[in-house]
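Spelled out, the chains give:
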Amino acid sequence: MHHLYLHVPFCVRRCSYCDFSIAVRKRIPADDYLAAIRAEWESAGPIGPLETIHLGGGTPSLLPSDALAALLRYVVDHTSPPYAVEVTLEVNPEDVTPDAATAWCRAGVNRVSLGAQSFDDSVLRWMHRSHDAGRIGAAVETLRRAGIDNVSLDLIFALPRELGRDWSRDLDLALALEPAHLSLYGLTVEPRTPLARWVSRGATTATDDERYAEEYLLAHERLSGAGYAFYEVSNAARAGRRSRHNSAYWSGRAYLGLGPAAHSYDGRTRRWNLAAWEAYHRALAAGRSPVESEETLSDEQRELERLYLGLRTAAGVPSTILHQSTEVLRSMLVRGWVLVEGNTVRCTPEGWLRLDALVGALTGSVATS
Ligand code: SF4
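Here is a short report on the structure shown in this document. (Residues numbered from 1 in each chain as written. Predicted model: local features only at pLDDT ≥ 70, side-chain atom pairs only at ≥ 80, totals over all residues. Heavy atoms only, no water.)

### Overview of the overall build of the protein
- The secondary structure content of the protein amounts to 14 helices and 17 strands.
- Taking the principal axes of its C-alpha atoms as reference, the protein extends roughly 55 × 45 × 45 Å.
- The burial tally for the protein puts 50% of its 369 residues in the buried class.
- By element, 50% of the accessible surface of the protein is carried by carbon and sulfur atoms, the whole surface being about 16,800 Å².
- Across the protein, the centroid of the 39 positively charged side chains sits 2 Å from that of the 45 negatively charged ones. (Helix = DSSP H or I, 4+ residues; strand = E, 2+ residues; numbered from the N terminus. Buried < 20%, exposed > 50% of the residue type's maximum accessible area, 1.4 Å probe, protein only. Areas by Shrake-Rupley, 256 points an atom, 1.4 Å probe, with all protein chains shown as cover. Lys, Arg positive; Asp, Glu negative; His and termini not counted. Charge placed at Lys NZ, Arg CZ, Asp CG, Glu CD.)

### A short note on the packing of helix H12 (residues 326-335) against helix H14 (residues 355-362)
- The interhelical angle for the contact between H12 and H14, taken along N-to-C directions, is 150 degrees, at an axis separation of 9 Å. Taken together, the axis directions place H12 and H14 in an arrangement best described as roughly antiparallel. Each of Val-328, Leu-329 and Met-332 in H12 lies in contact with H14, whose residues at this interface are Leu-358, Ala-361 and Leu-362.
- Of the residues belonging to the contact of H12 with H14, the class tally is 6 nonpolar, no polar and no charged. (Axes fitted to C-alpha atoms, helices over the stretch in contact; angles between N-to-C directions. Parallel < 35°, antiparallel > 145°, perpendicular 65-115°, else oblique. Contact = heavy atoms within 4.5 Å. Nonpolar A, V, L, I, M, F, W, Y, C, P; charged D, E, K, R; others polar.)

### Here's the deal with the site of the ligand
- In the neighbourhood of the ligand, the contacting residues comprise Cys-11, Arg-13, Arg-14, Cys-15, Tyr-17, Cys-18, Phe-20, Ile-22, Gly-58, Thr-59, Asn-92 and Arg-129.
- Tallied by class, the residues present in the shell around the ligand amount to 6 nonpolar, 3 polar and 3 charged. (Near = heavy atom within 4 Å.)

### Section: the pairing of strand E8 (residues 181-186)
- Note that strand E7 (residues 151-157) and E8 share 6 bridges and pair parallel. Bridging from a neighbouring strand, Leu-155 pairs with Leu-184 of E8.
- Assessed by its sense of winding, the connection that carries the chain from E7 through helix H6 (residues 167-176) to E8 is right-handed.
- Direction of pairing for E8 relative to strand E10 (residues 235-237): antiparallel, over a ladder of 3 bridges. Each bridged residue has a counterpart across the sheet, and for His-181 the counterpart in E10 is Ala-237. (Pairing = 2+ DSSP bridges. Right-handed = clockwise from strand over helix to strand, strands pointing away.)

### Let's talk about the nonpolar core
- If you look at the biggest cluster of nonpolar residues, it comprises 89 residues, and the most contacted ones within it are Tyr-33, Ile-53, Trp-104, Leu-114 and Leu-153.
- Looking at this core element by element, the count peaks at 8 residues for helix H2 (residues 65-77).
- Formed by 11 residues, the second largest nonpolar core is a distinct cluster that contains Cys-15, Cys-18, Met-127 and Trp-198. (Core = buried A, V, L, I, M, F, W, Y, C linked by side-chain atoms within 4.5 Å.)

### Some thoughts on the sheet that holds strand E12 (residues 263-265)
- In spatial order, the strands read E12-E13-E14; together these 3 strands make up an open sheet with antiparallel pairing. Of all strands in the sheet, those with a lone pairing partner are E12 and strand E14 (291-296), marking the two edges. The mean angle between the axes of side-by-side strands here comes to 15 degrees, regardless of whether they run parallel or antiparallel.
- Across 3 bridges, the pairing between E12 and strand E13 (residues 269-273) is antiparallel. In the strand pairing of E13, His-263 is matched with Trp-272.

### Focus: the environment of Pro-98
- Position of Pro-98 among the secondary structure elements: in helix H3 (residues 98-107).
- We classify Pro-98 as exposed; its relative accessible area is 53%.
- Here the alpha-carbon distance between Pro-98 and Arg-125, two residues 27 residues apart in the chain, equals 25 Å.

### Things to note about the pattern of salt bridges
- A complete count under the given rule lists 17 salt bridges for this structure.
- When the shortest N-O distance is used, the salt bridge between Asp-149 and Arg-241 registers 3.3 Å. Of this pair, Asp-149 sits in the loop between helix H5 (133-146) and E7 while Arg-241 sits in the loop between E10 and helix H9 (244-250); the two residues are 92 residues apart in sequence, bridging distant segments of the chain.
- Judged by its relative accessible area of 25%, Arg-241 is partly exposed.
- Residues Glu-305 and Arg-270 are paired through a salt bridge, measuring 2.5 Å at the closest nitrogen-oxygen approach. Here the residue Glu-305 occupies a position in helix H11 (residues 299-312), and Arg-270 occupies one in strand E13, the gap between them amounting to 35 residues.
- Since its relative accessible area comes to 13%, Arg-270 is described here as buried. (Salt bridge = Lys/Arg side-chain N within 4 Å of Asp/Glu carboxyl O.)

Structure below.
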């Protein structure tokens, strides 16, 4: 079974913290986008049965409903059965209308990842988001009425202190909507974003590590107490509602990515497309490959990746792949950063906060302090 990622790069404007390769458009060039995806699909060769399809972005919910339906129909018609069991659409709350939600459901979408981010209107304005807090609950309700009850909420934490964002209140409001799944993203200041410019001229501050840790641990405690299992460092789900698509990434399975900036992986080689929409579109229109570059992972790199991805998840990793690190492992146990159960090593929430340093120490490349 295969996993398909379709990248839809269009947004109506750029959020203050976002450094993704997006194309800001008032009018979505849906015909050009569909033609480009079809051309890329044809050059990719036969694609076997799909277990998951994930439409990410950008803002895939900006695609007109008929274009989205045509895209998914094309995928079904050109894939051997059985057809995907999980079809996720990333959606911004302001795009959810009864007609759109019904059309998405009819087109085969059975899971929505909703970009809520915060329930505080002043914070949403600071982020340059296009929705207000009231739209989030309305969107969840509309999706459910249309038949899509597998809804995940995205929330951003660790915002600058001076915003006065009440993270605890936002968690309460998110939980009150009883989503099937939640994804948490710690704010980072990426170069060449409006946020980076604000920080460089002193108009705002980057988040400190202490606040990041406090808010992450609070979310972990609150969500776990409400019946959500953290199955990955940033993702928590009710029983049976884990993202199958993202779980495939974390378990090192192969996937195919189509669209600008999309990545593909066959288990050994990773390749990625031209990131800018215009360059990607021009290449395919001229009959050229949209692939920008590729890398083949050595056995050592694959082992390191397996370790890193495994420790991101609640499943952890077999202790047998942690070479020469018994002493380091013991010190992490003492600090409460990992648990060892039988032959499995897994991170605690405290360990997940230090994931990069922890993996570095376990592989002998970095010392923890
Ligand atoms: S909607 Fe998403 S992809 Fe688009 S600018 Fe905002 S954060 Fe970036």
